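What follows is the residue order along each chain.
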Amino acid sequence: MARRALVISGGAPNATLVGGALEAFAELGLEFDVVSMSGAGALLGLMYLAPRNGEPIATLRGLTELGIADAIYERFPVNYKVFNKPGELADVYRQMLAGNPLLQRVMAQPAQDPLSQLAKDGLSLWLASWCPSSLTPSSTGLCAHVPFAEEIIDFAQIAHVSPALYLNAYNLSQRRMENFDKHALNTQHLQAALSFPFLYPPTQIGEDLYIEGAALDCLNFKGLMENHPELEEIVVFDLLGAERLLRAPRDLYDAWVMSILTPLVEIARDDVKLFEQVHMPNYPQLKPLFKVPLVESVPEQFLPDVFDWSRSNLERLYTMGYATARRYAEEHL
C-alpha cells in the first residue's frame, strides 16, 4: 500500500532547483511509494529514478551543463543546447555530429573555468548555427523534440524502478488528460509530456495527438489520487505556483517568455488551492501537503534571473534547491 508520494511539477528553466532538491533527498535516504510528474518534471524524475549511467546524483548535477556561458547568454539569451532546430535534415546533422568521436570527446570534457566554458559553449553555438532547419509558417512547433533524452535516461529500466510512476499528457484527439504509468513509459510518452504548444509540435502515439499535460495541469494531483486514494503524505515540488515569479519583462524576447509563464503561474496556484479545499476532505487520512519552498528560497535579487538559462543561474538554483530541500526534509520529513 502506497503511503508517501512525490509530485514534481512542470517548469523548465528553473528546474535545477528540483535537481538539487532530489540530490538532497537521495543523500538523506528519503523514499517514495509513488512519483507523479508533469512537463519538465518528467525529465527530472526519470533522470533521478532511471539514469542511463546508473548514477542519479551525477546525472542531476549534469543539468547545469545545459546552461549557457554567461558571456554568450548576455548577448544571445537563447538556450541552443535545449531548443533544437526541427526537420529531417537537422536530425541527420545532429546524428553526424554525434558520430564524430573527436568532437564528442571535446564536448564531453567538463569545463574547468569560465574561459573553457566560454570556448565550449561558443563551439556549441557555432555548430547549432550551421544546423539546417525545415521550420516554415506551416510548422506546428518551433523546435525538435528533446533529442538527448535517451542519452541520459535508461528507458528499459523504468518499468523496474521501485516506486509507482505517473506522467501526464493531454490527448488532443480524445480531449482528455491521460496518465502513463511506468510499464508504458517510453521515449514517445516523454516527448508527449514535453510537447508544450508552439515550442514543440504535438506528439503522435498511435492514432492520437498529445500535448504537454503541465500546460493544463501543472501538478497532476488528479491522476495521483485516482490511482492511490490511500496515500497519507504528499511532498510537492512546485516550480510555478508562486506569484513572486511574475514581473515586468526586460525586452521583447523576455516578454514572450513571460507570456508563456504568466498563465502557468495562476494554473499551478489554482491546482494547489483546488486540491486542498475541494479534494483533500475526501481523503481523511491524508496529511496537509508538504510543500518544499523551492521558489520561495530564491532571494529577491535573483528573482529577475530565475528563468534564465545562463550557467551561473542554473548552478545557483541547483545549490539553492539542495540547501532548501535538505533543510525542509530534516525539519518536516
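Residues numbered from 1 in each chain as written. Predicted model: local features only at pLDDT ≥ 70, side-chain atom pairs only at ≥ 80, totals over all residues. Heavy atoms only, no water.

Check the secondary structure of the protein and you find 12 helices and 8 strands. The C-alpha atoms of the protein give a radius of gyration of 19 Å, which matches the 20 Å a tight globule of 333 residues would have. Expressed as lengths along the three principal axes of its C-alpha atoms, the size of the protein is roughly 60 × 45 × 40 Å. The buried share among the 333 residues of the protein stands at 50%. For the protein, the proportion of contacts with a sequence separation of at least 24, taken over those separated by at least 6, is 74%. As presented, the protein carries roughly 15500 Å² of accessible surface, and 57% of it is formed by carbon and sulfur atoms. The averaged location of the 40 negative side-chain charges in the protein is 3 Å from the averaged location of its 25 positive side-chain charges. (Helix = DSSP H or I, 4+ residues; strand = E, 2+ residues; numbered from the N terminus. Rg over C-alpha atoms; globule rule 2.2 N^0.38 Å. Buried < 20%, exposed > 50% of the residue type's maximum accessible area, 1.4 Å probe, protein only. Contact = heavy atoms within 4.5 Å. Areas by Shrake-Rupley, 256 points an atom, 1.4 Å probe, with all protein chains shown as cover. Lys, Arg positive; Asp, Glu negative; His and termini not counted. Charge placed at Lys NZ, Arg CZ, Asp CG, Glu CD.)

Right, let's talk about the UniProt feature "domain: PNPLA" (unreviewed entry) in the protein for a bit. UniProt's entry tags residues 6-225 with the feature "domain: PNPLA" (unreviewed entry), counted in the numbering of this structure. Taken end to end, residues 6-225 is 39% helix and 13% strand, and its two terminal C-alpha atoms sit 12 Å from one another. (UniProt positions renumbered as here; feature names shortened; annotations may be inferred.)

Looking at the protein, pLDDT values average 92 and 100% of them are 70 or higher. Confidence, expressed as mean pLDDT per element, reaches its minimum in the protein at helix α10 (residues 221-227) with 85 and its maximum at strand β6 (residues 208-212) with 97. (pLDDT = per-residue confidence, 0-100.)

A few words on unusual backbone geometry. Across residues other than glycine, the phi torsion is negative in most instances, and most of the peptide bonds are trans. A positive phi angle, near 80°, is found at Phe198, a position not held by glycine. Locating Phe198 in the fold gives a position in the loop between α9 (187-193) and β5 (203-205). One non-glycine residue, Asn220, lies in positive phi territory at about 55°. With respect to the secondary-structure elements, Asn220 resides in the loop between β6 and α10.

All right, on to the side chain of Thr64 then. Here Thr64 lies in the loop between α3 (56-61) and α4 (70-73). Ignoring anything within four residues of it in the chain, the contact list for Thr64 reads Arg311, Leu314, Glu315 and Tyr318.

Glancing now at the packing of aromatic side chains. Evaluated as defined, the whole model comprises 10 aromatic pairs. Ring geometry for Trp126 and Trp130: centres 6.3 Å apart, planes at 65°, overall edge-to-face. Of the two residues, Trp126 and Trp130 both sit in helix α7 (residues 114-130), 4 residues apart, roughly one turn of that helix. A relative accessible area of 58% means that Trp130 is categorised as exposed. Pairwise contacts between aromatic rings join Phe25, Phe32 and Phe237 into one cluster. Over the aromatic face of Phe302 sits the side chain of Arg316, whose NZ or CZ is 4.1 Å from the ring centroid. (Phe/Tyr/Trp six-rings, centres within 6.5 Å; stacked < 30°, edge-to-face > 60°. Lys NZ or Arg CZ within 6 Å of the ring centre and 35° of its normal.)

Residues Ala90, Tyr93, Arg94 and Leu97 constitute the buried set of helix α5 (residues 88-98). Along the axis of α5, the buried residues cluster in a sector spanning 95°; they form a single face. Summarising the geometry of α5, the exposed residues directed more than 90 degrees from the buried face are Glu88, Val92, Gln95 and Met96. Contact partners of the buried residues in α5: α6 (101-108) and α7. (Arc of directions from axis to C-beta.)

Pairing is possible between side chains of opposite charge, provided their charged atoms come close. Here the structure, examined in full by the defined rule, presents 22 salt bridges. With its nearest N and O atoms 3.8 Å apart, the salt bridge here joins Arg75 to Glu74. For the pair shown, Arg75 and Glu74 are each scored as exposed. Connected through salt bridges with shared partners, the residues Arg3, Arg4, Glu232, Glu233 and Lys287 form a single ionic network. (Salt bridge = Lys/Arg side-chain N within 4 Å of Asp/Glu carboxyl O.)

Residues Leu6, Phe25, Leu190, Phe221, Leu231, Ile234 and Phe237 are the most contacted members of the largest nonpolar core, which totals 100 residues. No other element matches the 9 residues that helix α11 (residues 252-279) contributes to this core. Those residues within four positions of Phe25 in sequence are excluded, and the remaining contacts are Leu6, Leu30, Phe32, Tyr48, Val235, Phe237, Val292, Ala325, Ala329 and Leu333. In terms of nonpolar packing, the next biggest core, distinct from the first, is built from 6 residues, Ala90, Leu97, Leu127 and Cys131 among them. (Core = buried A, V, L, I, M, F, W, Y, C linked by side-chain atoms within 4.5 Å.)

Moving on, we get to the packing of helix α1 (residues 16-28) against helix α12 (residues 311-332). Running from N to C, α1 and α12 cross one another at 40°; their axes reach a closest spacing of 6 Å. Here α1 lies oblique to α12, going by the angle between them. Considering only the axes of α1 and α12, their crossing is right-handed. Here Thr16, Leu17, Gly19, Gly20, Ala21, Glu23, Ala24, Phe25, Glu27 and Leu28 of α1 come into contact with α12, specifically with Leu314, Leu317, Tyr318, Met320, Gly321, Tyr322, Ala325, Arg326, Ala329 and Glu330. Residues belonging to the contact of α1 with α12 are distributed by class as follows: 12 nonpolar, 4 polar and 4 charged. (Axes fitted to C-alpha atoms, helices over the stretch in contact; angles between N-to-C directions. Parallel < 35°, antiparallel > 145°, perpendicular 65-115°, else oblique. Left-handed = near helix turned anticlockwise from the far one by under 90°. Nonpolar A, V, L, I, M, F, W, Y, C, P; charged D, E, K, R; others polar.)

What follows deals with the environment of Ala149. Note that Ala149 resides in helix α8 (residues 149-152). Ala149 sits in the buried class, given a relative accessible area of 4%. In this structure, the C-alpha to C-alpha distance between Ala149 and Leu43, residues 106 residues apart in sequence, is 7.8 Å. Among residues more than four places away in sequence, those in contact with Ala149 are Phe155 and Leu190.

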